[in-house]
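# A closer look at the structure
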Amino acid sequence: MKRYRKITVLLFLAVGCGLAATAQEAWDVDRCMSYAVKHNRTVKQRRLEADNYRLDRLKAIGNFLPGINASAGVQYNFGRSVDPETNIYNNVSTFNNSYAAEASMTLFRGGSLVNEVRRSKAALLLGKAALQEAQDNTALETFQAYIDVLYYYGTIRLAEKKLAESDSLLYKTRRQEELGLKGRADVAQMEAQQATDAYNLTHQRNLYETAMLTLKQKMNYPAGDSLLLNTDILDIQTFESIRLTDEHPQDVLRIALSVNPTLRQSEMNKQVARMNRKIAWANVLPTISFYGGISSSYYKELHNHDYPDFKTQLDNNLGEYFGVTMSIPIFNRMSGSISLRQARNNYRIACEQYEAQKEELQKLVQQAVQDREGYLRESIQMEKKAASDSLAYHVTRRKYEEGLMTSLDVQNNAATWLESETLLLQSRLTYVMKCRLVDYYKGENIIKVKTEN
């Protein structure tokens, strides 16, 4: 009985594991993009760089605060030395102990302190924009890989459907050959078509596996783990509510110019270059600093114990001081003027890069809007063509079964129908991709966060 109980338990565990594997939750595109952004190496690097920019800003603000230094020294003298009380040379062993604390603060440095804070603020915004750009690029690449997987999944379904048609037609042709209604040439032609469709199905499955591997790589997902995708987007109901829009590319561009992270990064880079140009002026302007401090010391001859105690000497030798210094650069081997020219050139380069990025963004936005409308029109027209090609194929097949059409006619119509279905699938998926891209340029998050009720 114990043996049967163990077998029963193992069977239940096996069934439970099978049900758990079957009930694996399907991943939609937003979940895939979120996973990719979370585990992407470049995104992690940009996040650490943004944190460094934040620390640089704190450092720039800290330059307004005074710096405080403390020091302590111990010195043993053996042989000829100066007595600190009489300033006379003697030849005895002594012990010296000194303490000092000093505070200093820069009052004026050519405006570089304020400009460094402004530069650090612009650099912080640049780091945030670079992080957002890395996240968005990772999400878009994952979206494209996801669409590719769905495309090949759809082509597999079409290839399976085509192979089923070929199997059915081959079976009927063989039966008609047995009845004397078809010749051996028709059977051979159908066998060749069936073999071609079987090869195409295998080829599409291989492409699907390659696309799935690419998606896992984009997501940084374990290649050995299974990944079940949500394929609801392939249903025809998904496209029933889609209509053409009259949205103008300039309206989308107007929003993209203010929210696009790539352009924002270029803008902040220009701001950093402008602040560096202002900071370069500090090299040719005077620097004014304020300082002050206190100091004290303790002295004793090692073989003479007739000295005031430690506290008394510290109180008696206590000194205080403060002062103001001004440093004026007179000749620094032309590094000041050269730095100014370099900073000015770097600012002009940043301005040109910003304008070039703005022009590139305009092209991308216009292309995305046009592609969205174009692929929608293609989907509408291709849907009509696919329906007509399907009807033409079934009519041709019926006539072939009645002996009114040849096998070549059936193959040609089947190939045309398959091509139309494939192009329809491609245009629909591309349209979905372009819709998400246009929404991204309009300032919406590339990853749609679903709120739970």
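Treat the numbers as computed from the prediction; the structure is a model and nothing was measured.

## Regarding the overall build of the protein chain
Regarding its fold elements, the protein chain presents 10 helices and six strands. A total of 453 residues make up the protein chain; the buried ones form 35% of that total. Within the protein chain, contacts between residues at least 6 apart in sequence are counted, and of these 82% link residues at least 24 apart. Summed over its atoms, the accessible surface of the protein chain is roughly 27,900 Å², and 54% of this surface lies on carbon and sulfur atoms.

## Regarding the sheet that holds strand β6 (residues 319-327)
An order of β1-β4-β5-β6 is seen for the four strands of this open sheet, with the pairing classed as antiparallel. Looking at the sheet topology across the chains shown, the edges are occupied by β1 (67-77) and β6. Each strand axis lies, on average, 20° off the axis of its neighbour in the sheet, ignoring direction. Alignment of strand β4 (residues 94-108) against strand β5 (residues 287-301), held across 14 bridges, turns out to be antiparallel. By the bridge assignment, Tyr-99 is partnered in β5 with Ser-296.

## Comments concerning the UniProt feature "coiled-coil region" (unreviewed entry) in the protein chain
UniProt tags residues 340-378 as "coiled-coil region" (unreviewed entry). Between the end C-alpha atoms of residues 340-378 there is a gap of 56 Å, over a span that is 100% helix and 0% strand.

## Considering the nonpolar core
Counting 51 residues, the largest nonpolar core has Trp-27, Leu-215, Met-219, Leu-227, Leu-229, Val-365 and Tyr-441 as the members making the most contacts within it. Sort the elements by how many residues they give to this core and helix α4 (residues 112-178) lands first, with 14 residues. By size, the runner-up hydrophobic cluster in this structure holds eight residues, among which are Leu-169, Met-190, Tyr-393 and Ala-414.

## Considering the environment of Leu-207
Mapped onto the elements of the fold, Leu-207 is located in helix α5 (residues 184-219). When its relative accessible area of 25% is taken as the criterion, Leu-207 is described as partly exposed. Residues Leu-207 and Asp-148, spaced 59 residues apart in sequence, show a C-alpha to C-alpha distance of 9.5 Å.

## Some remarks on α4
Between its first and last C-alpha, α4 extends 97 Å over 67 residues, near the 99 Å set by a 1.5 Å rise per residue. Phi turns positive one or two residues past the end of α4, at Gly-180, with a value near 85°.

## Looking at the environment of Glu-320
Locating Glu-320 in the fold gives a position in strand β6. Of the residues examined, Glu-320 reaches a relative accessible area of 66% and is grouped as exposed.

## Considerations on the packing of helix α9 (residues 335-401) against helix α10 (residues 407-441)
Relative orientation of the contacting elements α9 and α10 amounts to 155°, with a least axis distance of 6 Å. In terms of orientation, α9 and α10 fall into the roughly antiparallel class. Crossing of α9 over α10 shows left-handed handedness. By residue class, the composition of the contact of α9 with α10 is 22 nonpolar, 10 polar and 11 charged.

## Re a nonpolar patch on the surface
A cluster of nonpolar residues, Leu-107, Phe-108, Trp-281, Val-284, Leu-285, Phe-290, Phe-322 and Val-324, forms a patch on the protein surface that exposes about 780 Å² of accessible area. At the level of elements, β4 and β6 are the ones that each hand at least two residues to the nonpolar patch. Positionally, Phe-290 belongs in strand β5.

## So, the pattern of salt bridges
Should the charged atoms of two oppositely charged side chains come close, the side chains can pair. The tally for this structure, following the rule as stated, stands at 22 salt bridges. The residue Asp-51 makes a salt bridge to Arg-54 at a minimum N-O spacing of 2.9 Å. Taken as a pair, Asp-51 and Arg-54 lie in helix α3 (residues 41-62) at a separation of three residues, close to a single helical turn. Classification of Asp-51 by relative accessible area gives partly exposed; the value is 32%. Across the pair Lys-218 and Glu-141 runs a salt bridge, and its minimum N-O distance is 3.7 Å. Taken together, the residues Lys-218 in helix α5 and Glu-141 in helix α4 connect sequence positions 77 residues apart. One salt-bridge network, held together by shared partners, links Glu-165, Lys-172, Arg-397 and Glu-401.

## Notes on the packing of aromatic side chains
Evaluation of the coordinates by the stated rule reveals 13 aromatic pairs. On the basis of an interplanar angle of 55° and a centroid distance of 5.0 Å, the ring pair of Tyr-76 and Phe-95 is categorised as tilted. Remark: Phe-95 occurs in strand β4 and Tyr-76 occurs in strand β1; sequence separation between them is 19 residues. According to the relative accessible area criterion, Phe-95 is buried, its value standing at 16%. Judged by centre distance (6.2 Å) and plane angle (65°), the rings of Phe-95 and Tyr-298 are edge-to-face.

## Let's talk about the pairing of β4
Along any regular strand, the residues point their side chains to alternate faces of the sheet. As defined by bridge partners, β1 adjoins β4 across 11 bridges and the pair is classed as antiparallel. Bridging across to β4, Ala-72 finds its partner in Tyr-99.

## Quick look at unusual backbone geometry
The backbone of Asn-220 sits at a positive phi, close to 60°, despite the residue not being glycine. Mapping Asn-220 onto the fold places it in the loop between α5 and α6 (249-259). When its relative accessible area of 35% is taken as the criterion, Asn-220 is described as partly exposed.

## A closer look at the environment of Val-410
Here Val-410 is to be found in helix α10. For the pair Val-410 and Ala-392, spaced 18 residues apart in sequence, the C-alpha separation works out to 9.5 Å. If near-sequence neighbours (up to four positions away) are discounted, Val-410 is found in contact with Leu-169, Met-190, Tyr-393, Thr-396, Arg-397 and Tyr-400.

What counts, and at which threshold
Residues numbered from 1 in each chain as written. Predicted model: local features only at pLDDT ≥ 70, side-chain atom pairs only at ≥ 80, totals over all residues. Heavy atoms only, no water. Helix = DSSP H or I, 4+ residues; strand = E, 2+ residues; numbered from the N terminus. Buried < 20%, exposed > 50% of the residue type's maximum accessible area, 1.4 Å probe, protein only. Contact = heavy atoms within 4.5 Å. Areas by Shrake-Rupley, 256 points an atom, 1.4 Å probe, with all protein chains shown as cover. Pairing = 2+ DSSP bridges. Axes fitted to C-alpha atoms, helices over the stretch in contact; angles between N-to-C directions. UniProt positions renumbered as here; feature names shortened; annotations may be inferred. Core = buried A, V, L, I, M, F, W, Y, C linked by side-chain atoms within 4.5 Å. Expected span 1.5 Å × (residues − 1). Parallel < 35°, antiparallel > 145°, perpendicular 65-115°, else oblique. Left-handed = near helix turned anticlockwise from the far one by under 90°. Nonpolar A, V, L, I, M, F, W, Y, C, P; charged D, E, K, R; others polar. Patch = residues over 30% accessible without salt bridge, like charges linked within 9 Å, V, L, I, M, F, W, Y side chains within 5 Å. Salt bridge = Lys/Arg side-chain N within 4 Å of Asp/Glu carboxyl O. Phe/Tyr/Trp six-rings, centres within 6.5 Å; stacked < 30°, edge-to-face > 60°.

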